[in-house]
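As a plain string of letters, each chain reads:
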Amino acid sequence: PISHHTGRARTIASLIAETYPETYETWFYFDGSGFRPDFLSAVKAELSQEQRETFKDHKTSPFCWLEKSDGTKVALGGRDRLCEWVQGTFAADDKEKDAKLLKLCADPPSLWEFRFDNSTPGTAKTEE
């Protein structure tokens, strides 16, 4: 319940993990009540200096990033940049398999997408 852009980003990330479970997993953190107000700052602190400079003014939801198997974070930014990454990454793959994913990135989110599944953590395995 943060924004329609956040809802669409969550849908896109979930569909990527569902379509390519051997390659991608998801991790979500949603907080509209300020429980961890410094969470975004903490994520940004783990970025490279160049990325910290690029995203220093990003304060809105969502903030999307990729994390490589070695732990390196690659910041994308908002839902629009997530969509650009998707279109560049999956456009050359199986068009039929990726059609729904690419359509989600081509069309703007509906204002009704502010209502979405905000459960955490996603598909990522977490330590207990």
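Figured I'd write up the structure that's included with this text.

Parameters and conventions
- Residues numbered from 1 in each chain as written.
- Predicted model: local features only at pLDDT ≥ 70, side-chain atom pairs only at ≥ 80, totals over all residues.
- Heavy atoms only, no water.
- Helix = DSSP H or I, 4+ residues; strand = E, 2+ residues; numbered from the N terminus.
- Contact = heavy atoms within 4.5 Å.
- Salt bridge = Lys/Arg side-chain N within 4 Å of Asp/Glu carboxyl O.
- Buried < 20%, exposed > 50% of the residue type's maximum accessible area, 1.4 Å probe, protein only.
- Expected span 1.5 Å × (residues − 1).

**With respect to the environment of Trp85**
Turning to step 1, where the next piece is worked out: Mapped onto the elements of the fold, Trp85 is located in helix H4 (residues 79-90).
Turning to step 2, where the next piece is worked out: Remark: the alpha-carbon pair of Trp85 and Cys105, spanning 20 residues in sequence, is separated by 9.5 Å.
Turning to step 3, where the next piece is worked out: Not counting the four nearest positions on each side in its chain, Trp85 is found in contact with Ile16, Tyr24, Leu66, Leu76 and Phe90.

**A look at the pattern of salt bridges**
Turning to step 1, where the next piece is worked out: Applying the stated criterion to the full structure yields six salt bridges.
Turning to step 2, where the next piece is worked out: For Arg81, the salt bridge is made with Asp80, and the minimal N-O distance between the two is 3.4 Å.
Turning to step 3, where the next piece is worked out: Arg81 gets classed as partly exposed once you look at its relative accessible area, which sits at 38%.
Turning to step 4, where the next piece is worked out: One continuous salt-bridge network, built from bridges that share partners, spans Glu46, Glu67 and Lys73.

**Section: helix H1 (residues 4-19)**
Turning to step 1, where the next piece is worked out: The first and last C-alpha atoms of H1 sit 22 Å apart over 16 residues, in line with the 22 Å expected at 1.5 Å per residue.
Turning to step 2, where the next piece is worked out: For H1, every residue scored as buried is listed here: His4, Thr6, Gly7, Arg8, Ala9, Arg10, Ile12, Leu15, Ile16, Ala17 and Thr19.
Turning to step 3, where the next piece is worked out: Packed against the buried residues of H1 are strand S1 (64-67), H4 and helix H5 (95-106).

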